[in-house]
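# Analysis of the macromolecular model
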Amino acid sequence: MLENLEIAQNPTLKVPTAEKYYYIETYGCQMNVYDSELIGSLLNKCGYHPTDDIKSADAIFLNTCAIREKAEETVHNKLDNLQSLKNIKPGLLLGVVGCMAQNLKDDLLESKPYIDVILGPDSYRKIPEIINNRNSMEHYVDTKLSKFEVYDDMFPSRREGINAWVSIMRGCDKFCTFCIVPFTRGRERSRSIDSIKGEVIKAVEQGFVEITLLGQNVNSYRTSGGNFSDLLEQVAQIKGIKRIRYTSPHPQDIDERLIRVMNKYPNICNHIHLPLQSGSDRILNRMNRTYTKKKFLDLVHMIRDIIPDCVLSTDIIVGFPGESDSEFNETLEVFKKVSFNFAFMFKYSSRPGTKASEYSDHISEGVKQKRLETLIKLQRDITLLENQKKYRKNCRCIG
Ligand code: SF4
């Protein structure tokens, strides 16, 4: 009532409109989870509120992943389903953002012309401008990659919880031959230590007790103020953080100092996700992974010398082009030697645009499936053994 009276007296004030809601669905990695929180904060500034009910949303964003064919299929199906909602609510803003938007914008525009907005991972700052100047007849597309964008000045809109994801760097310079990320997320760039610490302090003040530092190659972090070990040490000293994690590191960029910093601060979790990808030197070389089986095993020894109870997990791709039975067996051998606590195991998925997709010696689906099942069975047995060891140790501690 009061608002309407004010408008009558001051015609320059805008007539209040009904509340607007946004819904974001996130696919893929934790970087996307973080980016969705950034997008949420931009939408909040435009006066939109989050909703868990997609049907009541005025703006829907799918934050997509391009790392595997399956992830893309899921988004295509979702978009097909959303077409009917768009028909009922023509004013609905439907946006596709993230790696798939970056990679497949032309395909998306052609096959699904009812999508309103397509933005790559470096273009999220455009969202307020799009919302405020929207013409529902136009498509907004921006997939320019930036050498500098790290969203340093933005604070994500996090839902309540224990863990806060904090992105510290973006992009990747490693160019593994199976991976689309360097093409969808561009070159490596790092945020300043001060801005990361500022975000962490704010998250702790909001009640988050666990911080996970994120980056495509989190330990390639490098600024004039220090490298990843320096950053981790400074974050560990911030009061109120009970647990610090980081993901995902590249084995090439792990050094002794990092492990010593982890060992020095009790609030840094004794867990390293160490993506092996293959146990064969020839396949590692074809993948452009820049380390050998020996270097990887030496790294595991160094970690366990300094932190004996360090939990190790890994990523593996089976059936990479040209992988022979004996090369797959080498992966099994490395698994037995390292005894990872758990592993994320995948069949190779060809990604158009990557070097490996052009290799001529692709492995059949049947062979890939069989290798995956063999590896999963082995890892299940190893995980069980590792869990039993921990259980016995804890029982002894309890006495
Ligand atoms: S390190 Fe390799 S797998 Fe990881 S994001 Fe970069 S290119 Fe992809």
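Residues numbered from 1 in each chain as written. Predicted model: local features only at pLDDT ≥ 70, side-chain atom pairs only at ≥ 80, totals over all residues. Heavy atoms only, no water.

A sheet is described by the order of its strands in space; here 6 strands give the open sequence β2-β1-β3-β4-β5-β6, paired in parallel fashion. Only two strands of the sheet have a single neighbouring strand rather than two, namely β2 (48-50) and β6 (140-142). Across this sheet, the average inter-strand angle for adjacent strands is 20°, counted without regard to direction. Two strands pair when backbone bridges link them, and strand β1 (residues 20-26) and strand β3 (residues 59-64) are joined in this way by 5 bridges, in the parallel orientation. Across the sheet, the residue bridging to Tyr22 is Ala59, located in β3. The strands touched by helix α3 (residues 69-88) are β1, β3 and β4 (93-98); relative to β3, the strand with the most contacts, the crossing angle is about 170°. Contacts from helix α4 (residues 99-111) reach β3, β4, β5 (117-119) and β6 within the one sheet, and its direction differs from that of β4 by about 130°. (Pairing = 2+ DSSP bridges. Helix = DSSP H or I, 4+ residues; strand = E, 2+ residues; numbered from the N terminus. Axes fitted to C-alpha atoms, helices over the stretch in contact; angles between N-to-C directions. Contact = heavy atoms within 4.5 Å.)

Overall, the predicted model of the protein chain reaches an average pLDDT of 93, with 94% of residues at or above 70. Contacts for the low-pLDDT stretch residues 1-16, under 50 throughout, to residues beyond four places or in other chains number 6 contacts. (pLDDT = per-residue confidence, 0-100.)

Per the counting criterion, the structure on display carries 10 aromatic pairs. Taken together, a centroid distance of 6.1 Å and an interplanar angle of 85° make the contact between Phe320 and Tyr359 edge-to-face. One end of the pair, Phe320, is in the loop between β15 (311-318) and α12 (325-338); the other, Tyr359, is in the loop between β16 (342-347) and α13 (365-398), with 39 residues separating them in the sequence. With a relative accessible area of 0%, Phe320 lands in the buried category. Since its relative accessible area comes to 17%, Tyr359 is described here as buried. An aromatic cluster is defined as three or more aromatic residues linked by ring pairs; in this entry it consists of Phe178, Phe320, Tyr348 and Tyr359. The residue whose ring lies beneath Arg158 is Phe155, and the NZ or CZ to ring-centre distance is 5.3 Å. Here Lys202 stacks its cationic end above the ring of Phe155, 4.2 Å away from the centre of that ring. (Phe/Tyr/Trp six-rings, centres within 6.5 Å; stacked < 30°, edge-to-face > 60°. Buried < 20%, exposed > 50% of the residue type's maximum accessible area, 1.4 Å probe, protein only. Lys NZ or Arg CZ within 6 Å of the ring centre and 35° of its normal.)

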